[in-house]
Amino acid sequence: MLVLQGTIPFEIITEQKITMWLFIYHLITPCLVSGLAGTQIRKKTDYAKYENKYVEKTEEGNKGYGPVFEEQPIDTIYPEESSDGQVSMNCRARAIPFPTYRWKLNNWDIDLTKDRYSMVGGRLVINNPEKSRDAGKYVCVVSNIFGTVRSYEATLSFGYLDPFPPEERYEVKVREGVGAVLLCEPPYHYPDDLSYRWLLNEFPVFIALDKRRFVSQTNGNLYIANVEASDKGNYSCFVSSPSITKSVFSKFIPLIPQSDRAKVYPADIKVKFKDTYALLGQNVTLECFALGNPVPELRWSKYLEPMPASAEISMSGAVLKIFNIQYEDEGLYECEAENYKGKDKHQARIYVQAAPEWVEHINDTEKDIGSDLYWPCVATGKPMPTIRWLKNGASFRKGELRMQSLTFDDAGMYQCIAENTHGIIYANAELKIVASPPTFELNPMKKKILAAKGGRVIIECKPKAAPKPKFSWSKGTELLVNGSRIRIWDDGSLEIVNITKLDEGRYTCFAENNRGKANSTGVLEMTEATRITLAPLNVDVTVGENATMQCIASHDPTLDLTFIWSLNGFVIDFEKEHEHYERNVMIKSNGELLIKNVQLRHAGRYTCTAQTIVDNSSASADLVVRGPPGPPGGIRVEEIRDTAVALTWSRGTDNHSPISKYTIQSKTFLSEEWKDAKTDPSDIEGNMESATVIDLIPWMEYEFRIIATNTLGTGEPSMPSQRIRTEGAPPNVAPSDVGGGGGSNRELTITWMPLSREYHYGNNFGYIVAFKPFGEKEWRRVTVTNPEIGRYVHKDESMPPSTQYQVKVKAFNNKGDGPFSLTAVIYSAQDAPTEIPTDVSIKVLSSSEMSVSWHHVSDKSVEGYQIRYWAAHDKEAAAQRVQVSNQEYSTKLENLKPNTRYHVDVSAFNSAGYGPPSRTIDVITRKAPPSQRPRIISSVRSGSRYIITWDHVEAKSNESAVEGYKVLYRPDGQHEGELFSTGKHTIEVPVPSDGEYVVEVRAHSEGGDGEVAQIKISDMQVDLDILNSTSCYILKCSMPFSEYLKDFNIKIFLPLKVPLLEFRPCSWSWWCLPWVSSSARDSECSWIYLVLCLTQRTPFEDEDHHSF
């Protein structure tokens, strides 16, 4: 009962659902069968109806329509190893009447009656697909009485990824410092969308890629710029195919570095990108990686052009990605690899092409019978797409589509297809041919036509008719013909000019074609003409002033008059431009315009138009605005030198005030701020159009702009010039903060502050480091080619420790050397410690912790101590390391594995390296603490205390024995509290004085503390009393009973069945109150008394055993 009331078991839900669906199935199956049969019969009937009345329906306006695709098949890859057993191709179209579907494979009709195929709607399902029979191009063909359309061609291909060959791979031996390439040689596969990673020694340990190691996603090979001793191991190529969600890995290749004194090798590019054809909008990835020692630096550039804005360099420079590539990104790209031993370059070109894209495509069209049709269908792409046409799914024409004298046979579904080598696109449309007699029902003539005296009027006559009708007009009973004032247009409209009072009257338009005739009549009335009586005048103002344009008009008093103002042909929007434009609406027939706070953009020709619904009249005037000059144009940079360039420009508008001077500004990539440039001459007069900019930084990219000034102010700056780079020059600044010292044994470390980019002054920038022992005469020199590095380490096995050296550094580039820095005095590295820490001792604290202590060595250069520890089943190379300062005598090792043997040693270290380790000590961690959580079986209040009881925790064979229990008594929501320890299974804690408290119980062992169990207690009042000889117990609670039951499990221990209440036995000695959970738990009250009357004495009277 309790279980069913909380959650229904899964088995019950499933059985109920099955029963329900079986009932519904048997109920509706006869209806479905009958309905489907009826549908098939009706479909045939409907088709016959449409076929018989095709012309009739066409004449009524074609209320149905041909198929329009809503979903078309797409290219699909079916994994050869798939267990699905079927593959589907989707096709869905809307049409009235409902369409039929059929499918083609490689242009052959598919026999859908075969068991291998099934179709639901237009969706084709292929059962147990086979590559030999089912691979190919699929087309969905959809038809109804209005025509037929073909879907996109969708390719069904079968994907596979074979396993690697089982033969063992040969080991690879390489000298340290030499580059290495491990070949992946992926197995046969389809499609070619593999991703590659490399395993090291075991799965799933993948090597981390860095500046020294690279995995090509083109061929899967692993490239190591220079091999180190740490590279030793077994390598396996791990290949994944996302299309078929399958991965395989090769046999392991042993890589064995050969110890040798490391030599230096120049950069040698091994990963080279090829000429690439990319589609517009795609993402393009280029790879470039070089071997060499030291590891070469990789740099990317685009020949003679800046890199694309969307370009992103990753994988320590080995990968260039261009996102959303555009036509302007096409060009020659270069990868340069360089170390101080040499450089290597590689170039290849990116060609950007494009799949077809519509410029203008066809849409559903209705044409009159007998009319002509030109259907424009234009696409763009690279290479330029070709155009072909389908009609009702069959090939029709190529190029543009023109048809004359249309008939009903020309109606149907047309498809314009544009294709090139990169793709194909379809535009579908229906052509309907309409034939009907003239009718004015949808567009009758206006009943009342107004025309201004002396003006012109056009009376439209636009009946619906097919083919196009012939038109004639009459005024009253007079038939109208073309004359000097009257003309009948080809579209049926009647034009009358120079209107007089005599032109008023009833006008009738007659329309006739070979299917019938119709007419419509309207009345023409004359009104007074609209005239501008006070025209606006030319105005001349200065920026910031106000200007007024007058405009007054006369008009027919029966009509409303409005004024429209335009500037240079564009109507002024007074709501948007309310800050500057305002109209006078207080005086009738007055359209005066007020222009406030005039700006340069407000200059131009203003036109006032007085307008009624019948006619209008206009007058114009010019507003001249004087202000600061406009921006100069046509900036050209010429005669580029190392510190100067020549600029020329063309004058901008002076805005009716002569230009007095020009200011030239420059900007570099070092700052986004434009700064005034130093020029020759220093003052550039307003009649000049050239000047020289001086005191520029050599080998720096610059942009320039020019600002003109006149007596009314300074104008807007010109557009920036094309970005240029000044010529290079030898550096003239020496590096600062030269110093160094320290480092590893037998090393001399030299440091300096690298020069910022603005002081490089040229290409191939680097540093020359000179050093010699103090007192010697000859300087030794080395070259550092990386401009970002400010450190050089010289290694010499014969170098005495702590030897005094003099050092200095200078910069160089391809134009020459700069000056040396001031000479600094530094010392070579000291020796690594030689003493071994003594008295190493270990104390195991738990299953995951131990404490290590030792005695210090006497060497004063020691900076700290390193503690190594590793599990006995691991290799020493996998040892964990902890370092502490030279002030520490001990440390704690944490996160150890339980019941595991560890090897531990201690060594001293300083800046020169590590000293010899102490002897290795073996130690075994404790067994894990008990995993079983104590089961709290009761929580009873007795006076001012709670008695908490729990079951004993039994430790497993691989766990530490239980030594006792820890009990934490804390306020709910806090972490701190009072901690008790006990060897019993029960404990007493105080009743909380306020709010709820949490009691946490966990087993304790030498391996640590086990899992925690907890219970909440509060200051709620619970009393248990014995009543008279009937042994009645009263349970009294001071909160709603439903809340009480959330925290307490109410059970009564009884030796036999009680006659007064019916209990249900739960086990041999416990009895449950089933009605407590069903009826009493939903009771809400201030006080509840639960009385249990027993007929004889119970164990509660003999022992203190209560459980709620």
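Note that the structure is predicted; figures quoted are calculated from it, not measured. (Residues numbered from 1 in each chain as written. Predicted model: local features only at pLDDT ≥ 70, side-chain atom pairs only at ≥ 80, totals over all residues. Heavy atoms only, no water.)

Student: How should I be thinking about the sheet that holds strand S45 (residues 486-488) in this particular structure?
Tutor: Backbone-to-backbone hydrogen bonds join strands into a sheet, with any given pair of strands oriented parallel or antiparallel. Spatial strand order, S41-S46-S45: three strands in an open sheet with antiparallel pairing. With partners counted over all chains shown, the strands left at the sheet margins are strand S41 (456-459) and S45, one partner each. Averaged over neighbouring strand pairs, the angle between their axes works out to 15 degrees when direction is ignored. In this sheet, strand S46 (residues 494-497) lies alongside S45 in antiparallel orientation, the contact comprising three bridges. Bridge assignment links Arg487 to a residue of S46, and that residue is Glu495. (Pairing = 2+ DSSP bridges. Helix = DSSP H or I, 4+ residues; strand = E, 2+ residues; numbered from the N terminus. Axes fitted to C-alpha atoms, helices over the stretch in contact; angles between N-to-C directions.)

Student: Just to check I follow, could you spell out the sheet that holds strand S77 (residues 838-844) for this structure?
Tutor: Overall, antiparallel pairing links the three strands, which are arranged S77-S78-S81 in an open sheet. Edge positions in the open sheet fall to S77 and strand S81 (890-893), since each of these has one partner strand only. Direction aside, the axes of adjacent strands within the sheet are offset by 20 degrees on average. One ladder, built from five bridges, connects S77 with strand S78 (residues 850-855); its direction is antiparallel. Across the sheet, the residue bridging to Lys843 is Ser851, located in S78.

Student: What should I look at first to understand unusual backbone geometry in this one?
Tutor: The phi angle of most residues is negative, glycine excepted, and most peptide bonds adopt the trans form. With an omega dihedral of 5 degrees, the bond running from Asn293 to Pro294 counts as a cis peptide bond. With respect to the helices, strands and loops of the structure, Pro294 is situated in the loop between strand S25 (289-293) and strand S26 (297-302). A cis amide bond, omega 0 degrees, links Lys382 with the succeeding residue Pro383. At Asn764, a residue that is not glycine, the phi angle is positive and equals roughly 55 degrees. Mapped onto the elements, Asn764 comes out in the loop between strand S70 (747-753) and strand S71 (766-773). One non-glycine residue, Asn899, lies in the positive phi region at around 50 degrees. Tracing the backbone shows Asn899 in the loop between S81 and strand S82 (901-910).

Student: Explanation requested: the state of the cysteines in the structure shown.
Tutor: Covalent bonding between the sulfur atoms of two cysteines defines a disulfide. The full count for this structure, using the stated rule, is six disulfides. Note on cysteine connectivity: Cys91 is disulfide-linked to Cys140, with sulfurs 2.1 Å apart. Disulfide Cys91 to Cys140: torsion about the S-S bond roughly -75 degrees, handedness left-handed. Of this pair, Cys91 sits in the loop between strand S3 (86-89) and strand S4 (92-96) while Cys140 sits in strand S9 (residues 136-144), placing them 49 residues apart in sequence. Disulfide pairing places Cys461 opposite Cys509 at an S-S distance of 1.9 Å. Taking the sign of the S-S torsion, about -75 degrees here, the bridge from Cys461 to Cys509 comes out left-handed. With Cys461 in the loop between S41 and strand S42 (464-466) and Cys509 in strand S47 (residues 505-513), the pair connects residues that are 48 residues apart, well separated along the chain. The class of Cys509 is buried, set by a relative accessible area of 0%. (Disulfide = S-S within 2.5 Å. Buried < 20%, exposed > 50% of the residue type's maximum accessible area, 1.4 Å probe, protein only.)

Student: I keep staring at the pattern of salt bridges and nothing clicks. Help me out?
Tutor: Once their charged atoms are close, side chains differing in charge can pair, the charge on each being opposite to the other. Scanning the model with the defined rule gives 53 salt bridges in all. A salt bridge links Lys104 to Asp109; its shortest N-O distance comes to 2.9 Å. The partner of Arg970 in a salt bridge is Glu1000, and the shortest N-O contact between them spans 2.8 Å. One end of the pair, Arg970, is in strand S87 (residues 962-971); the other, Glu1000, is in strand S90 (residues 997-1005), with 30 residues separating them in the sequence. Looking at Arg970, the relative accessible area reads 11%, which means it is buried. Note on Glu1000: relative accessible area 10%, which makes it buried. Bridged by salt links that share partners, the residues Asp210, Arg212, Arg213, Glu228 and Asp231 form one connected network. (Salt bridge = Lys/Arg side-chain N within 4 Å of Asp/Glu carboxyl O.)

Student: Looking at this structure, how should I read the pairing of S78?
Tutor: In regular strands, side chains alternate between the two faces of the sheet. Along S78, the buried face is formed by Met850, Val852 and Trp854; none of Ser851, Ser853 and His855, which line the opposite face, is buried. The hairpin formed by S77 and S78 contains five residues between the paired strands.

Student: In this structure, what is going on with the environment of Glu959? I would like to understand it.
Tutor: Relative to the elements of secondary structure, Glu959 occurs in the loop between strand S86 (945-950) and S87. The exposure class assigned to Glu959 is buried, which follows from its relative accessible area of 10%. With 61 residues separating them in the primary sequence, Glu959 and Pro898 have C-alpha atoms 9.0 Å apart. Apart from residues no more than four positions distant in its own chain, Glu959 is found in contact with Lys927, Ala928, Pro929, Pro930 and Ser931. Here Ser931 takes part through its side chain, which lies 2.6 Å from a polar atom of the side chain of Glu959. (Contact = heavy atoms within 4.5 Å. Polar contact = N/O pair within 3.5 Å; in protein donor to acceptor, adjacent residues only side chain to side chain.)

Student: What is the right way to read the side chain of Glu747 from this model?
Tutor: The residue Glu747 is located in strand S70 in this model. For Glu747, a relative accessible area of 11% gives the class buried. With near-sequence residues (within four places) excluded, Glu747 lies in contact with Gly742, Val793, His794, Lys795, Met799, Ser828 and Ala829.

Student: How do you make sense of the packing of aromatic side chains when you look at a structure like this?
Tutor: The geometry of an aromatic ring pair is captured by the separation of the ring centres together with the interplanar angle, meaning the angle of the planes. Scanning the entire structure with this criterion turns up 24 aromatic pairs. Here Phe203 and Phe206 contribute two aromatic rings whose centre-to-centre distance is 6.1 Å and whose plane-to-plane angle is 75 degrees, an arrangement assigned as edge-to-face. On the basis of an interplanar angle of 15 degrees and a centroid distance of 6.4 Å, the ring pair of Phe238 and Phe249 is categorised as stacked. Remark: Phe249 occurs in strand S20 (residues 246-249) and Phe238 occurs in strand S19 (residues 233-241); sequence separation between them is 11 residues. Clustering of aromatic rings is evident, with ring pairs tying together Phe203, Phe206, Phe238 and Phe249. Against the face of Trp779 rests Lys772, its NZ or CZ located 5.0 Å from the ring centre. (Phe/Tyr/Trp six-rings, centres within 6.5 Å; stacked < 30°, edge-to-face > 60°. Lys NZ or Arg CZ within 6 Å of the ring centre and 35° of its normal.)

Student: What should I look at first to understand the nonpolar core in this one?
Tutor: Grouped burial of nonpolar side chains is what soluble globular proteins tend to show. Counting 27 residues, the largest nonpolar core has Phe273, Leu286, Phe289 and Ile350 as the members making the most contacts within it. The contacts of Ile350, once residues within four sequence positions are left out, are Thr276, Val284, Leu286, Ile322, Ile325, Glu330, Gly331 and Tyr333. Grouped together as the second largest cluster of nonpolar side chains are 24 residues, Ala553, Tyr581, Leu593 and Val625 included. (Core = buried A, V, L, I, M, F, W, Y, C linked by side-chain atoms within 4.5 Å.)

Student: Mind showing me how you'd approach the side chain of Ser907 here?
Tutor: Position of Ser907 among the secondary structure elements: in strand S82. If sequence neighbours within four positions are ignored, Ser907 has contacts with Pro837, Gly864, Tyr865, Gln866, Tyr914, Gly915, Pro916 and Pro917.

Student: Even after reading the chapter, I still don't get the environment of Ala646, so can you show me in this structure?
Tutor: Looking at the secondary structure, you find Ala646 in strand S60 (residues 645-650). Along the primary structure Ala646 and Thr692 are separated by 46 residues, whereas in three dimensions their C-alpha atoms are 4.4 Å apart.

Student: Got a minute to help me understand the environment of Trp103 in this structure?
Tutor: Looking at where Trp103 falls in the secondary structure, it is placed in strand S5 (residues 100-105). Here Trp103 falls in the buried class, since its relative accessible area comes to 0%. Considered as a pair, Trp103 and Met119 are 16 residues apart in the sequence and their alpha carbons are 9.8 Å apart. Engagement of the side chain of Trp103 in a polar contact is seen with the backbone oxygen of Gly122, the distance being 3.1 Å.

Student: I keep staring at the confidence of the model for the chain and nothing clicks. Help me out?
Tutor: Low pLDDT means the predicted atomic positions in that stretch should not be read closely. Mean pLDDT over the chain stands at 83; residues scoring 70 or higher make up 86%. A low-confidence stretch, residues 1-62 (pLDDT under 50), is modelled with 33 contacts involving residues beyond four sequence positions or located in other chains. Residue range residues 1021-1108 is modelled with pLDDT below 50. Its contacts to residues more than four positions away, or to other chains, number 144 contacts. (pLDDT = per-residue confidence, 0-100.)

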